Amino acid sequence: QVQLVESGGGSVQTGGSLRLSCAASRYTYDSYCVGWFRQTPGKEREGVASIYRAGGITYYADSVKGRFTISQDNAENTLYLQMNSLKPEDTAMYYCAAGPPSKLWSGSYCRITSAEWYKYWGQGTQVTVSA
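Before going into details, it helps to say that this report is about the structure given with it. Keep in mind that this is a model prediction, so the values were computed, not measured.

1. A few points about the state of the cysteines
As enumerated under the stated definition, the model contains two disulfides in all. The disulfide partner of C22 is C96, and the S-S distance across this bridge is 2.0 Å. Around the S-S axis, the bridge from C22 to C96 shows a dihedral of about 60 degrees and counts as right-handed. On the criterion of sequence distance, the pair formed by C22 in strand 3 (residues 18–24) and C96 in strand 9 (residues 92–99) is long-range, its members being 74 residues apart. No difference in accessibility class separates C22 from C96, as the two residues are buried.

Structure, rendered in structure tokens:
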């Protein structure tokens with residue numbers, strides 16, 4: 001079984017930075033696609049970024065390109081999301097998730113538009129950006 005636990009959320013002013021962490025109990029072949037998602041009340045869950053653990057290939061939503069960086073620490077089974085130049089629009093509950101490349105691999109990256117195929121989810125960590 002794969003268990004994910006997020007941390008690092010908090011409140012920050014516009015232009016500030018936060019670093020989210022996601023600790024995994026372990027990674028299996030059905031969890032090699034790992035991603036960050038966010039959700040606000042009244043909106044559907046939005047894919048933010050993904051990383052393919054076997055090769056480190058990353059993918060980002062257009063809304064966060066150039067501001068967010070997804071990375072991994074293989075030695076500690078930890079996923080990170082470095083968020084810079086934060087905007088009020090980034091305010092959301094952020095979740096890390098993991099799923100099988102057999103369902104999520106697009107041919108060049110792990111999809112973030114098919115959240116239903118991510119099998120494992122953390123409990124979420126709140127990020128609030130004030131103007």
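Let us keep going from here.
2. Digging into the nonpolar core
By size, the foremost hydrophobic cluster in this structure holds 37 residues, and its most contacted members are W36, L79, L81, M83 and Y94. When residues of this core are traced back to their parent elements, those giving at least two are strand 3, strand 4 (33–39), strand 5 (46–52), strand 7 (68–73), strand 8 (78–83), strand 9 and strand 11 (125–130). Of all the elements, strand 9 adds the most residues to this core, at five residues. Those residues within four positions of Y94 in sequence are excluded, and the remaining contacts are E6, L20, W36, F37, R38, V48, F68, L81, M83, G124, T125 and V127.

3. So, the environment of G16
Relative to the helices and strands, G16 resides in the loop between strand 2 (10–13) and strand 3. The class of G16 is buried, set by a relative accessible area of 17%. When the C-alpha positions of G16 and S85 are compared, they lie 5.5 Å apart, and in sequence the two are 69 residues distant. Here G16 is in contact with M83, N84, S85 and L86, once residues within four sequence places are set aside.

4. Focus on the side chain of S21
Tracing the chain through its elements places S21 in strand 3. On the basis of relative accessibility, which here comes to 17%, the residue S21 falls in the buried class. Look past the residues within four positions of S21 in its chain and what remains in contact with it is V5, E6, S7, W36, T78, L79 and Y80.

About the thresholds
- Per-chain numbering applies: the sequence of each chain, read as written, is numbered from 1 onward.
- Side-chain atom pairs in this predicted model are given and counted only at pLDDT of 80 or more, local residue features only at pLDDT of at least 70, and totals for whole chains, interfaces and linings cover all residues.
- Here the side-chain values reflect all heavy atoms present in the structure, with hydrogen atoms and water set aside.
- In what follows, a disulfide is any cysteine sulfur pair within 2.5 Å.
- Under the DSSP-based scheme used, a helix requires at least four consecutive residues in state H or I and a strand at least two consecutive residues in state E, with every element numbered from the N terminus.
- Accessibility here uses a 1.4 Å probe with only protein chains present; expressed as a share of the type maximum, an area under 20% marks a residue as buried, one over 50% as exposed, and anything in between as partly exposed.
- Among the buried residues, those of types Ala, Val, Leu, Ile, Met, Phe, Trp, Tyr and Cys that are joined through side-chain atoms within 4.5 Å form a nonpolar core.
- Should any heavy atoms of two residues lie within 4.5 Å, those residues are counted as being in contact.

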